[in-house]
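Per-entry structural report
Here is what each chain is made of, one letter per residue.
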Amino acid sequence: MPGTDADVIDALVGITPGSPLDAIRARRPEARAHAQATYRALFTPDKPGTVSAQERFAVGAFVAGLHGATAIANAYAARLTETGASSALVKALDATVAEATTRGPYGQYPAGPLTRENTAGPSYRMGAAGRAALGPRLTAAFEHVHMLVFHPRDAAPPALQALLDAGWSTTDIVTLSQIVAFLSFQIRVVTGLRTLAGRP
Amino acid sequence: MADSILTPPSHTAPSAFTRAQLDWLPWLEPLAPEAMTERHLASLVDAARVKSPYFRLLARDPDALEARTRTDKDIFYNPDAGLPRAERELAAAATSRFNGCLYCASVHARHAATYSRREDDVQRLLDAGVTADLGERWNAIVAASVALTATPSTFGPEHVDRLRRAGLDDLAISDVIHAAAFFNWANRLMLSLGEPAVAPGS
């Protein structure tokens, strides 16, 4: 991950000035600038409130890891290490990615004509070792993140209650949700543009 | 007072994808309009969004909301060439259909139908799902959006080739990528912070 001022999507795609993709991104200048502004708001905020940098980058690395986006996950993991994350936390993160990875989107629909589209899949719960290494806040966050990444249509109020119970405030949950949702965008833009440039 | 979950008022949940107007009921407390600072209000970008509980909830992280909204507007509304507006909306609707976001799908299916005047094709996408036959150009856009929405992504050179054969240039393909990617952002917020409801009287 480059410093906060370098464009993260450009760096992850490998866009160089004057290249065809540089010209394409320049045609949507507000989207380019504000994707970067969202990254700054969520990962290097002026007012971090009660969501720590370590939590933000741990969630970032987890989201990218669950997507199988190795280079992006490594970039967020590098920033996580810079926050002073313990090796136990980093190891637990890697182990959780390996254990929790599946394929999405799956989930349930309300009873009715869509019931036939219900697709079964796991609701991830951390094991004891992971809980011990991550602590209650990140444990609750990771369980929520797994749902948001793989089966968002299963979302329901009890998932938010679990976050509140683990010490996430309403405002913290908005930030956490934005981190996961934004990365779901960033990772797909990077994947799509790399494929468009012929280097998937 | 400790933060708590909201219990939505009595309502009818939609049971199928629809182009009808839906409401959205939050599970977490939005900011009260009278409690919003100038920064909160500015983060809405459109002042009228103060009426929306969704945007007043997201305004709790105003910098993220404002940047999200300005990204959204350029991807969908920038009129400079690339993919026609109707097909940007088609990519948004297809992504929402595949992820299962009834609220997002309703809004963007309405827009896709309005801008394309192809109400029957849009309705077929909602009713039959992302494998509906909508003609090759739309099929290529839907297939690319779905492949990029899968986790992990299944988007590959064959999707780019198919879009090129359907007549899209690289800026238009980039617009498909951005529209589908953006709805992977929007769907996750809409699905996880509240729920859709059939609008009273509809």
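Calculation criteria
Residues numbered from 1 in each chain as written. Chains lettered and ligands numbered in written order. Predicted model: local features only at pLDDT ≥ 70, side-chain atom pairs only at ≥ 80, totals over all residues. Helix = DSSP H or I, 4+ residues; strand = E, 2+ residues; numbered from the N terminus. Contact = placed C-beta atoms within 7 Å. Core = buried A, V, L, I, M, F, W, Y, C linked by C-beta atoms within 7 Å. Buried ≥ 20, exposed ≤ 12 C-beta atoms within 10 Å, placed from the backbone. Domains from an automatic or database assignment. Nonpolar A, V, L, I, M, F, W, Y, C, P; charged D, E, K, R; others polar.

1. Points about the overall build of chain A
- Summing up its helical and strand segments, chain A has nine helices and zero strands in all.
- Mapped from its N terminus to its C terminus, chain A presents α and β elements in the order α-α-α-α-α-α-α-α-α.
- The principal-axis extent of the C-alpha atoms belonging to chain A is close to 50 × 45 × 30 Å.
- When contacts within chain A are restricted to residue pairs at least 6 apart in sequence, those whose partners lie at least 24 apart make up 66%.

2. Section: the nonpolar core
- Core analysis: the biggest nonpolar cluster contains 123 residues, and Ala61, Phe62 and Val180 of chain A together with Val176 of chain B have the highest contact counts within it.
- Looking at which element gives the most residues to this core, the answer is helix H9 (residues 170-193) of chain B, with 15 residues.
- The residue makeup of this core includes at least three contributed by each of domain 1 (22-75) and domain 2 (83-190) of chain B.
- Discounting residues that sit within four places of it in the chain, Phe62 of chain A has contacts with Leu93, Thr96, Val97, Phe142 and Val145 of chain A.

3. Notes on the interface of chain A and chain B
- Taken together, the contact between chain A and chain B spans 56 residues of the former and 53 residues of the latter.
- Ranked by the residues each element gives to the side of chain A that touches chain B, the list is headed by helix H9 (residues 170-196) of chain A, at 19 residues.
- For the side of chain A that touches chain B, the class distribution of residues is 32 nonpolar, 18 polar and six charged.

4. Side note on the domain arrangement of chain B
All names here are of chain B.
- As assigned here, chain B comprises domain 1 (22-75) and domain 2 (83-190).
- For domain 1 versus domain 2, the distance between C-alpha centres works out to 25 Å.
- Secondary-structure elements contributing two or more residues to the side of domain 1 that touches domain 2 are strand E1 (22-26) and helix H3 (62-77).
- No other element matches the three residues that H3 contributes to the side of domain 1 that touches domain 2.

5. Some points on unusual backbone geometry
- Residue Pro105 of chain A is reached from Gly104 of chain A by a cis peptide bond, and omega for that bond is 0°.
- Mapped onto the elements, Pro105 of chain A comes out in the loop between helix H6 (87-100) and helix H7 (128-150).
- In the segment running from Thr151 of chain B into Pro152 of chain B, the intervening peptide bond is cis, with an omega of -5°.
- Residue position: Pro152 of chain B is located in the loop between helix H7 (136-149) and helix H8 (157-165).
- A positive phi angle, near 55°, is found at Ala81 of chain B, a position not held by glycine.
- With respect to the helices and strands, Ala81 of chain B occurs in the loop between H3 and helix H4 (85-99).
- For Arg117 of chain B, which is not a glycine, the phi torsion comes out positive at approximately 60°.
- Mapped onto the elements of the fold, Arg117 of chain B is located in the loop between helix H5 (102-116) and helix H6 (119-128).

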